[in-house]
Amino acid sequence: MSNPYIVLPIIFQLFLAILLMFCWTQKNLQKLVSTVGSLIAVAIAVIMFAQVWKSGTLVTQAGNWGAPFGITFVADTFSVLMVLLTTLSGLAVSVFSVGAVRNARVKFGYFPILHFLIMGLCGAFLAGDIFNLYVWFEIIIISSFVLITIGGEKAQLEGSIKYVTMNLLASVVFLTAIAVLYGLTGSLNMADLSLKVAEIENRGLVNVTAILFLVGFGIKSAVFPLYFWLPASYHTPPPAISAIFGGLLTKVGIYALLRVFTLIFIPDAFMITLISIMAALTILSGGIGAMIQNNIRKIFSYLIICHIGFMLAGLGMYTELAILGTVFYLVHDIIVKTNLFMVSGLIFKIKGTYSLRLLGGFYKDYPKLSLLMAIPLFSLVGIPPLSGFWAKFYLIRGGLEVDNLVLVGFIILGSFLTLFIIARFWSEAFWKTGEELPKKLKVKYYHELKPLKQKAMVVSILFLAFISLGIGLGAEYVIQVASRVAEELMNPQSYIEAVLGKL
Amino acid sequence: MKTIIFQTASNYLLPLLLLFSVFILLRGHYLPGGGFVGGLIASIAFVIHSFANGLEKTRSIIKFHPGFLMPVGLVFAIGAGAAPWFVGQPFMTGLWFEDPIPVIGMVGSALFFDTGVFLVVIGVSLTIIFTISETL
Amino acid sequence: MLIAILAGFLLALFMPNVIRGLKGKSSIGIALLPFSLFSYFISFLPRISSGETLHFNWSWVPSLGVGLDFYLDGLSLLFTLLITGIGTLVFVYTSSYLKGHQYLDRFYAYLSMFMASMLGVVMADNIITLFIFWELTSISSFFLIGFNNDSEPSRKSALTALGVTGFGGLFLLAGMVTLGYITDEFQISSLAAMSGEIHGHDLYPWVIGLVFIGAFTKSAQFPFHFWLPGAMKAPTPVSTYLHSATMVKAGIYLLARFTPILGNHVMWNTTLIIVGSITMLYAALHAIFRLDLKGILAYSTISALGILTFLIGLGTEEALTAAAVFILVHALYKATLFLITGIIDHETGTRDVSQLGGLNKIMLPVGIAGLLAAVSNAGIPPSFGFVGKDLIYEATLHFGDLAWVLTGAAIVTNVALLFAGFLAGIKPFVGKLPEKFSKLHLPGPAMWVPPLILAVLGILFGLIPPLVDGPLIKPIVAALTLQDPDFYLHLWHGFNVILALSVATIATGIALYFIIKPSEALLGKATRFESISPHSMVKGLGRGFTWFSAKWTNFLQNGYLRYYLITILSFLTFLLAYRLFLGVEIYVDTSVLSEITIYEAIIVLIMASAIFFTVFTKSRLAAVASMGVVGYSFCLIFLFYSAPDLAMTQFSIDTLTVILFVLVIYNLPKYLKLSDNRDRIRDGLLSLIFGAMISILTLEVLNESVQKDISTYYAENAYLLGKGKNVVNVILVDFRGFDTMVEITVLAIAALGVFSLLKLRLKSIEKE
């Protein structure tokens, strides 16, 4: 069904960013605009989700040029789900930033660029045109690059160089892939590509092109052996920025992989094996990487990799149930990871360090905050009935269906490592009697902040913790959504018809 | 580089090049040109001026921070894009005035959009170049 | 029913408020919760013993077939009664044991959460729900064991316990999912009917293997037993609760619950018999050498769990009856012994059995409880333990060829257990009272009444077996065998082999008690084997794993951007080459390619030399300039192929880029270090191969005939619909205007980035 307004989530973020650019130096006004704007963005996303849920896939052709000639935007269930999650974690991060981001950064464009980033994410999720998808990736890279560097500390710059180099490499690979694909089919519209690629007789060439997409998106989603940029950079920027990164950046890669490998390239046996091996090694590398870290943000960074492996595993199994598991995991992971990085930020604000060895005594001093933080921590582990559990159920089930017991074994290993790491984290940071740490001059501590700022940080963590609880306890609803997404992905007929009309 | 000849030349060159850039922008729909190239030419005009007369002089001519052009340009672009929404058309649908305007030809939302591109490009290149030359 | 199970969670949530409400006053009132639950469950006793089972369903995640489904049969009922009954006593006991403790509210919160989770486990009628509550018990026990979180050993053992049980939990999950996958049925009560189908399935060995790992880790079976002695770091009420009746019995419950579904298969029985007997012997021998009272109890608990596993493994009706009785016997006496150990520890400050003695003089009721528990533990008539032990011997003796081997193992275990029980229940109370303890006195009744009640029950059930056999034991056996059992428990069986064995066991045990005196030397002998114990092996494994993790991680994440890029590119190149050469017929169709003109050749030559110059020059400026040359060459190529717009844009962009580069580079120092030739050759080779792959790919793509619908459409409609003659411009601002809008946004962001990167220098106080 056609609906011209489905690009609104994108345009609204752009509008917000422009508005924020106009109030460049007024920090309080910026905070207000960003918060209120993010709330409206959530409302828009909710309405859109409801629309799509009710009436099926919505499409708009930018410039009114019919597909495949213009640029198509498609809002199917998967897209709107991702947009909704993006705006939710965007809202949380925006509120968190009110408390956690230093004024100097706010005066140098922090908020506009945050909204540019969110715009890029929404755009990527709604794009129905492969080149347009590339353009959104550009937005994401450039704005995340600027966010990493903003403030210009040495560690930030070092991290950002690695980040941007490898991500640009990913873009180059992606762009090459698009060029080759265009050479093969003469089309950029994803629905059209789905049909045209299926008709190509030279399957060998299609398979080679698929490899380019796999590697391009693989770098983005930080899978083995392409993930290096992530542990090199995520621990460097201010926590609010790591939060939005941790929650969403790698997930765009996963989204793109899911989209492209269900719609355009149907994986052959080799691809399935390749993806499964990559998934297994991603889980392993991420899990054991997190085992040996001391910096809590590095621990979470490696855990991102580990859990990206779970999602990739679902793709590697390639059954509807496994994809359902991946989508459920995606929903859970976006919320939890965003929250965990905010938690690490709050811990830092209170204690002045990210080092697990030095931290301690949190439970004694801040019992209520500790309990609050326990929710995302133990959701991540997947302690039932918190949110991570249900997805794992489907992934294991999917592995049994395709008789891939090795992959199931790796999923269990990954879950165990996560469990162990988080339990140790709890024992070290929360239980251990912390030593009195020397006061750092460079840090503005939590208790020195205005009450409004303190509240902003706690409220945003609380907000996402509630969503996590909701995902766990209301699993039925999430499963319904995820199963519709999985069904639509595995049967792209409806997507294609929505874009190109009845065939 | 601050020779008198260069300075004098650049003082005349600036308006000429700016005019040329607008010309390039406007003719874009029919002949090679457009907002992007136009914007680049305009910024090169300012850059030349600043090389000749020093940054301060150039900035005093522009009066406001060139970065301000970026949101303004984006407003043009987003406005041209969103205008069709009010008549129930998809984003970026071309809307055209009925009659051609002398010299320019057909005027439509595409031209507004291209103007946005033009402004953003100027804003971007000047911001980058000015910032770099100021701080280094 | 749902409320009954979830009440504990609710109470846990509001516990801080409740405790504050009871400010200063005795917190004994909290025990009302478990007590009312106990009364609630006991009210089902008549219905259950008449053979009824009760079901409760509450839909939760219907698409998974997961609901909060609960049911109550004999087996569940026994466990619910133990959980709530012993729970009540533990709650009462705690109110005195931890009186005035700063975090009493948290303690009660965890305890009631744990209780609720255990109730969920034993009543769940859905394998996934079962697993959910199973994990909740692991987590809440983590908090309970680590309650004294200031102490390092306490944290470590909590972590070990969670590590082991959580590890098993995940296997259990896999097992449950596999079971659900085979049968497409999640209802435990319906699964028994599909037992035959399950047995025949290829995945059956996987299912039982996974379930076993889950059960063995939870119930501390060899070689996963080591977390249990460590968990003794917890406050004594926790040890009592977790290790007598609840947490560790969950594994036993699981095995029992799945006996009708997965049991009666040679793999099932053999594994359980072997693991059970190893555990019971291993732990029983260990118990003898301990000095710490809680250590003794820990090992004897493991041993008892081994016996239970062993009995379930035997799988005969007699063995299952024995198991059912022994669960109850063990819960009663072990809880008593733990509680009195807690009292001793609380009053004297030591748990070293070699230093204790004569406490009868100051705390007689506790001593009586200890004596009764030790008697029941020893299986001396007329205790309930005697009934239990007889049943065990009966089961082993009637087990075919291996009867005597198994009976022998059971006797050895029982002798050692008797010894351990005497050590814990009698030794501290007899003999001479050490001087330093003479000033002590009996603690409040909240502490000594609970163990006494349990101990007395242990004797009472022995004296009057009908109290339990009809109402409790029979429904259990019915649930396990799916048949209506026909037996009665007796204290007195007449003179027969079993009685002789019993007498022999008791006699040997008592003799041992008088011969072996626990001492440091003895403990030393036992710890000498520590290095080959499973615990040390797991520790070693953990160290090895950490070592491997560090190696692996630091090898990959080595901090050098160039190695990252090399890895990524090699990976990509390898995959491309593999797929190209194995999947594509490589040929170049020259007929579709146009002739190479002299201009093109020259341009390519210029580009190539400029690239080489860029790579090899030692000056940054020269490198930038030659890159500019490459850019301008592109302009020319665009011109050749009649794309003036692109050429124009490329030209301006290149000019600006070079200007920018010059501006920046002007301020940079000279290259400090250039890579050596070996590195260059390596990088050059990789680039060449990668470039070759992409070129081959491009050439192959050219072979494909493609309909150029879209370009044709653009060319035809640019003026007609887009009202422009310059197709490129119309594409940019109209056909693909959206892309352009995004791209100018990209530019704007980049400009903002440059601006803030260069202008914003955080003052020290502004840093994060």
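Residues numbered from 1 in each chain as written. Chains lettered and ligands numbered in written order. Predicted model: local features only at pLDDT ≥ 70, side-chain atom pairs only at ≥ 80, totals over all residues.

Our next topic: the overall build of chain C. In terms of regular secondary structure, chain C is built from 32 helices and four strands. A compact globule built from 768 residues should have a C-alpha radius of gyration of about 27 Å, whereas chain C, at 38 Å, is more than 25% larger. Its C-alpha atoms give chain C principal-axis dimensions of roughly 115 × 60 × 55 Å. Looking at chain C as a whole, 50% of its 768 residues qualify as buried. Taking the intrachain contacts of chain C between residues at least 6 apart in sequence as the baseline, contacts between residues at least 24 apart amount to 79%. (Helix = DSSP H or I, 4+ residues; strand = E, 2+ residues; numbered from the N terminus. Rg over C-alpha atoms; globule rule 2.2 N^0.38 Å. Buried ≥ 20, exposed ≤ 12 C-beta atoms within 10 Å, placed from the backbone. Contact = placed C-beta atoms within 7 Å.)

Our focus in this paragraph is the overall build of chain B. Scanning chain B from N- to C-terminus turns up five helices and zero strands. Ordered by position from the N terminus, the helices and strands of chain B form the series α-α-α-α-α. Counting across all 136 residues of chain B, residues that qualify as buried make up 48%.

Across the contact, 90 residues belong to chain A and 83 residues belong to chain C. Among the secondary structure elements, those contributing two or more residues to the side of chain A that touches chain C are α5 (110-126), α6 (130-149), α7 (154-185), α9 (203-221), α12 (269-291), α17 (388-401), α18 (405-431) and α20 (475-490) of chain A. By residue class, the composition of the side of chain A that touches chain C is 56 nonpolar, 25 polar and nine charged. (Nonpolar A, V, L, I, M, F, W, Y, C, P; charged D, E, K, R; others polar.)

With 14 residues of chain B at the interface, the matching set in chain A holds 14 residues. Taken together, the residues of the side of chain B that touches chain A sort by class into ten nonpolar, four polar and no charged.

Given 3.6 residues per turn, any residue in an α-helix points the same way as the ones three and four places further on. Residue and element names in this part refer to chain A. Between its terminal C-alpha atoms α17 stretches 21 Å, which fits the 20 Å expected from 14 residues at 1.5 Å a residue. Judged by how many residues are buried, α17 sits mostly within the fold: 13 of 14 residues are covered. One or two residues past the end of α17 sits D403, with phi positive at roughly 65 degrees. (Expected span 1.5 Å × (residues − 1).)

So, on to the nonpolar core. Ranked by size, the top nonpolar core spans 504 residues in total, and within it L126 and F328 of chain A, V120 of chain B together with L311 and A323 of chain C carry the most contacts. Looking at this core, the element that brings in the most residues is helix α16 (residues 317-348) of chain C, giving 20 residues. In contact with L311 of chain C, other than residues within four places in its own chain, are A319, A322, A323, F326, I392 and A395 of chain C. (Core = buried A, V, L, I, M, F, W, Y, C linked by C-beta atoms within 7 Å.)

Now for unusual backbone geometry. Cis peptide bonds are those with omega within 30 degrees of zero, and the linkage from F224 of chain A to P225 of chain A qualifies with -10 degrees. Relative to the assigned elements, P225 of chain A resides in the loop between α9 and α10 (229-233). Following F222 of chain C, the chain continues into P223 of chain C via a peptide bond in cis, with omega recorded as 0 degrees. Its place among the elements puts P223 of chain C in the loop between α10 (204-218) and α11 (227-230).

All names here are of chain C. Between helix α17 (residues 364-378) and helix α19 (residues 403-425), whose axes approach to 9 Å, the crossing angle comes to 180 degrees. Comparing the axis directions of α17 and α19 gives the class roughly antiparallel. Mapping the contact onto sequence places G370, L371, A373, A374, N377 and A378 in α17 and L417, L418, G421, F422 and G425 in α19. A per-class count over the contact of α17 with α19 returns seven nonpolar, four polar and no charged. (Axes fitted to C-alpha atoms, helices over the stretch in contact; angles between N-to-C directions. Parallel < 35°, antiparallel > 145°, perpendicular 65-115°, else oblique.)

This next bit is on the domain arrangement of chain C. How large an interface is tends to be reported as the accessible area lost when its parts come together. Once the domains are mapped, chain C shows domain 1 (316-518) and domain 2 (712-768). Using only C-alpha atoms to locate each centre, domain 1 of chain C and domain 2 of chain C end up separated by 82 Å. (Domains from an automatic or database assignment.)

A separate point is the packing of helix α8 (residues 190-199) of chain A against helix α21 (residues 493-500) of chain A. Residues and elements named next belong to chain A. Following both chains from N to C, one finds α8 and α21 inclined at 120 degrees, their axes separated by 8 Å at the closest point. With respect to α21, the axis of α8 lies oblique. Classified by chirality, the crossing of α21 by α8 is left-handed. Taken together, the residues of α21 that come into contact with α8 (itself represented by A191, D192, S194 and L195) are Y495, I496, V499 and L500. Its residues assigned to classes, the contact of α8 with α21 shows six nonpolar, one polar and one charged. (Left-handed = near helix turned anticlockwise from the far one by under 90°.)

Our next topic: the pairing of strand β2 (residues 71-75) of chain A. Each regular strand carries side chains that alternate between the two faces of the sheet. All names here are of chain A. With five of its five residues buried, β2 lies for the most part within the structure. Here β2 shows two buried faces, one formed by I71, F73 and A75 and the other by T72 and V74. Summarising the sheet, strand β1 (residues 58-62) and β2 pair through five bridges and their orientation is antiparallel. When the sheet's bridge partners are listed, T60 is paired in β2 with F73. (Pairing = 2+ DSSP bridges.)

So, about the pairing of β1 of chain A. The buried fraction of β1 of chain A is high, at five of five residues. The alternating pattern of β1 of chain A places L58, T60 and A62 of chain A on one face and V59 and Q61 of chain A on the opposite face, and all of these are buried.

Below, the discussion takes up the confidence of the model for chain C. Caution applies to low-pLDDT regions: their predicted coordinates should not be interpreted in detail. Averaged over all residues, the pLDDT of chain C equals 82, while 92% of them reach at least 70. Reported for the predicted complex are a pTM of 0.90 and an ipTM of 0.92. (pLDDT = per-residue confidence, 0-100.)

Attention now goes to the environment of L104 of chain C. Residues and elements named next belong to chain C. Its place among the elements puts L104 in helix α5 (residues 104-123). Given 19 C-beta atoms within 10 Å, L104 falls into the partly exposed group. With 396 residues separating them along the chain, L104 and A500 place their C-alpha atoms 50 Å apart.

In this section: the confidence of the model for chain B. When pLDDT is averaged along chain B, the result is 81; 85% of the residues meet or exceed 70. Taken element by element, the predicted model of chain B shows its lowest mean pLDDT in helix α3 (residues 55-62) of chain B (80) and its highest in helix α4 (residues 69-82) of chain B (89).

Time to look at the environment of E716 of chain C. All names here are of chain C. Here E716 shows up in helix α30 (residues 709-720). Residue class for E716 comes out exposed when judged on the 11 C-beta atoms lying within 10 Å of it. For the pair E716 and V727, spaced eleven residues apart in the sequence, the C-alpha separation amounts to 9.1 Å.

Residues and elements named next belong to chain A. Its place among the elements puts F78 in helix α3 (residues 77-100). With 27 C-beta atoms packed within 10 Å, F78 lands in the buried category. Taking the C-alpha atoms as reference points, F78 and L386, separated by 308 residues in sequence, lie 22 Å from one another. For F78, the residues in contact, after removing those within four places along its chain, are V485, E488 and L489.

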